[in-house]
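Reading the structure
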Amino acid sequence: MKRLIVLLMSAALALAACATPATPAATTSPAPASDIATPDPALPTSDATLIIPTPQEAGLAATLVLGDPVTLIAPGSVTLPEATEPVDPNQPPPRFQTLTFTMASGVDGDLLMIELNIDGSLSRNGVVSALPASEVEAVHAAMSTLRLYDAVTSFTGPARTGDANNYGLTLMINNGSERFIPAMEAYTPPQYLRFFNALAQLGLQPFPVF
């Protein structure tokens, strides 16, 4: 009898085990693609170096950006700026204080250097002399007529012949400014060429009227 009861209990336990489904193992379902965190892209790296301009470079840039406009004219021509009233009406008109003139004949030719001061003192290749006030005034009047105090000149260009004259005129003006006018014989208009050749004769011949 006791053995029968044990068999019945064992059978009941077996049936209960078969009736209860096994608990499935926990699984992790993949997250939607939109929810997957992506790493932040790497910040771009730069190999650029900060360049600090030198004072000379900064000055050049300021000149190029803020300086006066450059006027380009054809060789052999001259542009006369429009005459305007001086800012200071009491300021005297421009007048040279010292004039330095050079003339070179050809590529390897002789160099003539003349320096004339407003007081009439003249140096011609180191030989000192003096001009009368009337002749100094004639030189000044010629420069005023030709507008050499303010004209924009272009008297140089490609070399054409080896025996032509080359000129240089430097003016120290009474307003403190300085002008340098280079010229080549082939590109100099006739009236200016006549003026340069007259300067070459200072101290030898009277200066002509322009």
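None of these values were measured; they are calculated from a predicted model.

1. Side note on the nonpolar core
In terms of nonpolar packing, the biggest core is built from 32 residues, with Leu99, Phe101, Leu169, Phe195 and Leu199 touching the most fellow members. For this core, the secondary structure elements donating two or more residues are strand E2 (96–105), strand E3 (111–117), helix H3 (133–145), strand E7 (165–173), strand E8 (178–184) and helix H4 (190–199).

2. Digging into the environment of methionine 103
Structurally, methionine 103 can be placed in strand E2. Separated by 81 residues in sequence, methionine 103 and methionine 184 have C-alpha atoms that sit 9.6 Å apart. Those residues in contact with methionine 103, other than ones at most four positions away along the chain, are Asp110, Leu111, Leu112, Asn165, Asn166, Tyr167 and Ala200.

3. Some thoughts on the pairing of strand E5 (residues 127–130)
Here 4 bridges tie strand E4 (residues 121–124) to E5, and the two strands are oriented antiparallel to one another. Across the sheet, residue serine 121 finds its bridge partner in E5, namely alanine 130. Between the end of E4 and the start of E5, which pair antiparallel, lie 2 residues, with asparagine 125 showing a positive phi angle near 50°.

4. Focus on the sheet that holds E7
To summarise the sheet geometry, strands pair through backbone hydrogen bonds and adopt either a parallel or an antiparallel arrangement. Strand order in the open sheet formed by 6 strands is E5-E4-E3-E2-E7-E8, with antiparallel pairing between adjacent strands. With one partner strand each, in any of the chains shown, E5 and E8 form the two edges of the open sheet. Going across the sheet, the axis of each strand differs from the next one's by a mean of 15°, ignoring polarity. H3 rests against E2, E3 and E7 of the sheet, and its axis sits at about 80° to E2. On top of the sheet, H4 reaches E2, E3, E7 and E8; it is set at about 80° to E7, its chief contact.

5. Comments concerning H4
Within the span of H4, buried status applies to Tyr192, Leu193, Phe195, Phe196, Ala198 and Leu199. On its buried face, H4 sits against strand E1 (77–79), E2, E3, H3, E7 and E8.

About the cut-offs
Residues numbered from 1 in each chain as written. Predicted model: local features only at pLDDT ≥ 70, side-chain atom pairs only at ≥ 80, totals over all residues. Heavy atoms only, no water. Core = buried A, V, L, I, M, F, W, Y, C linked by side-chain atoms within 4.5 Å. Buried < 20%, exposed > 50% of the residue type's maximum accessible area, 1.4 Å probe, protein only. Helix = DSSP H or I, 4+ residues; strand = E, 2+ residues; numbered from the N terminus. Contact = heavy atoms within 4.5 Å. Pairing = 2+ DSSP bridges. Axes fitted to C-alpha atoms, helices over the stretch in contact; angles between N-to-C directions.

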